[in-house]
Amino acid sequence: MAEIITPRTLKGFRDLLPATAIRRERLIAAAIAVYQRYGYVPIETPALEYAEILTGGGGTETDKQMYRFDDAGGRHVGLRFDLTVPLARYIAQHIDTLGTPFRGYHVATVWRGENTQRGRYREFVQGDFDIIGTESPLADIETVLVVHDVLVAMGVDRFTIRVNDRRILNALLARVGLERRAVDVLRILDKLDRVGAERVGNDLAETVGASRAQIDEVLELTMRVGPGAEVLDGFADVAGGDAAAVAAIEMLGQLMETATAVGISPNRIVLDGSIARGLDYYTGIVFEAYLDDHPQVGACCSGGRYDDLASRYTSRRLPAVGGSLGVDRLLAAVDDGADATRSAAPVLITRFGDDDGVDLLALAATLRRAGIGVEVYPDPDRIGAQLRYADRHGHRVALIIGPDERGAGEVKVKTMATGDERTVPAADVVAAVGGMLDL
RNA sequence: GUGGCCGUAGCUCAGCCUGGUUAGAGCGCCUGGUUGUGGUCCAGGAGGUCGCGGGUUCGAAUCCCGUCGGUCACCCCA
């Protein structure tokens, strides 16, 4: 007898039970519906790329986290750890076919060999969307609206999208003389809400040697949070007269104006001077979305403008702005794992043992042609067991065709919620079931 | 990758500190009461390598070590 192999999964990789898998599919479907409503079209890229594509010029952190190995042909390869780098390669390779501006979305699995936590896995799904080839502020604004609409479409009630712009931070850093340490400063600033102003101040002093005055100036900006004009005024004060920062502030003002105009509730989009994003490739707007009821899972969506998107792969200038949805983080927040397995079909056809049951398949096909989801119970078990199955799996209607019904050319239609039963001619089943399901 | 906590039935957990006869509970699941009718109720039942491996001991779910997995913090990030 062969030895049994213990069934198990790798750290950070997981199976999804049907209840969770259904939730994930719904989240993804909601996001895609919104993307398409804005005109984004799907793209796909391979999971495995040449390692040099994924690492070239990248930070050492991502290099450490990337799954990489040599394939059987001796190629140095790696699994993609985000969707932005593959997008950059893809755009550089295909932009002449696509033309600009190009709106694309990419929902796919990515892999990172980092330590796990709730909502943090080594294999997870992201849903990126980007506009490539335009520097218009309208694209920046649209990107935030997409995030908003996606979260609404997913049924998330309470969330906050925090928005800032790198150009303001850059202007501030230039003014106070910290521009050469911008990457370090931004990395430290990004932790503000987690570690507090004091710790950030200390880190700035220790890591980049910032003076008390420089620290105070930086913190002055990062403490500004809110949906209103006074925050923008504050941004203008810190930024001085820097032209890029002025443009950024104007864009942010237009964003808030648009949000109001389209009826977005004020607390869902706020300006936040502390949003920096650790990644140093952002060049303009930056944003992060948080679920108000689940702050511990971190940002469930983030993004911004990166105007040198594809510069590693082409000399052509390709500005881009977009966002990345953390599907599995949203899932971790939304999924309580409580539900038992539910059928995807509202109707269950029960089966008696008086014939081979093939006629049930024909009946099911008739209902499906009418757009009604049907599941056929395969075994002639006790009718009570079959109805219990229907109950447990959430079927709303059970069809019963026993010897009596078959003899009379009828079908008994049972509404599970009420227990009501009607017997109808077989020819009328579609209408009867449709009526019960409010179709 | 570093450190803390956790890992007992399908699920949530008790038992572990102070090793000792057949390892428990609730929920779920199955069967019967209802020879063609679920959800309530009643009666009964199945189901456990105590994550895995090793060690200490006459004896380990219980103590020790390792390992795998989960979780939290750091780091980083979706």
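Residues numbered from 1 in each chain as written. Chains lettered and ligands numbered in written order. Predicted model: local features only at pLDDT ≥ 70, side-chain atom pairs only at ≥ 80, totals over all residues. Heavy atoms only, no water.

## Thoughts on the sheet that holds strand 5 (residues 102-111)
Strand pairing in a sheet relies on backbone hydrogen bonds. The paired strands run either parallel or antiparallel.
Right, so step 1: Strands sit in the order 1-5-6-12-11-10-7-9-8 across an open sheet of nine strands; the sheet is mixed. Single-partner strands in this sheet number two, and they are strand 1 (41-42) and strand 8 (225-226).
Right, so step 2: Examined bridge by bridge, strand 1 and strand 5 share two bridges and lie parallel to one another. By the bridge assignment for strand 5, V41 is matched with G104. (Pairing = 2+ DSSP bridges. Helix = DSSP H or I, 4+ residues; strand = E, 2+ residues; numbered from the N terminus.)

## Let's talk about the domain arrangement of chain A
Right, so step 1: Here the domain parsing of chain A yields domain 1 (9-158 + 292-341), domain 2 (163-262) and domain 3 (347-436).
Right, so step 2: Summarising the inter-unit geometry, the C-alpha centres of domain 1 and domain 2 are found 26 Å apart.
Right, so step 3: If you look at the interface, domain 1 gives five residues, while domain 2 gives five residues.
Right, so step 4: Here domain 1 packs against domain 2, burying approximately 490 Å² in sum over the two surfaces, 88% of which is carbon and sulfur.
Right, so step 5: Of all residues in domain 1, I141, V144 and L145 give up the largest surface area on contact with domain 2, accounting jointly for 73% of the area buried on that side.
Right, so step 6: Our count for the contact surface shared by domain 1 and domain 2 stands at zero salt bridges.
Right, so step 7: Across the domain 1-domain 2 interface, the total number found is zero residue pairs in polar contact (both at pLDDT 80 or more). (Domains from an automatic or database assignment. Contact = heavy atoms within 4.5 Å. Buried area = accessible area lost by both parts, 1.4 Å probe. Salt bridge = Lys/Arg side-chain N within 4 Å of Asp/Glu carboxyl O. Polar contact = N/O pair within 3.5 Å; in protein donor to acceptor, adjacent residues only side chain to side chain.)

## Considering the side chain of E405
Right, so step 1: As for its placement among the helices and strands, E405 is situated in helix 15 (residues 403-408).
Right, so step 2: Look at E405 and you get buried, because its relative accessible area is 10%.
Right, so step 3: In this view, E405 contacts I400, E410, V411 and K412; residues no more than four positions away in its chain are not counted. (Buried < 20%, exposed > 50% of the residue type's maximum accessible area, 1.4 Å probe, protein only.)

## Examining the pattern of salt bridges
Right, so step 1: Applying the stated criterion to the full structure yields 22 salt bridges.
Right, so step 2: As a salt-bridge pair, E135 and R317 come within 2.9 Å of each other at their nearest N and O atoms. Of the two residues, E135 is situated in the loop between strand 6 (123-132) and helix 5 (137-153) and R317 in the loop between strand 11 (301-305) and strand 12 (320-326); the sequence distance between them amounts to 182 residues.
Right, so step 3: Taking the relative accessible area as the measure of exposure, E135 reaches 48% and is therefore partly exposed.
Right, so step 4: With a closest N to O distance of 2.8 Å, D307 and R305 form a salt bridge.

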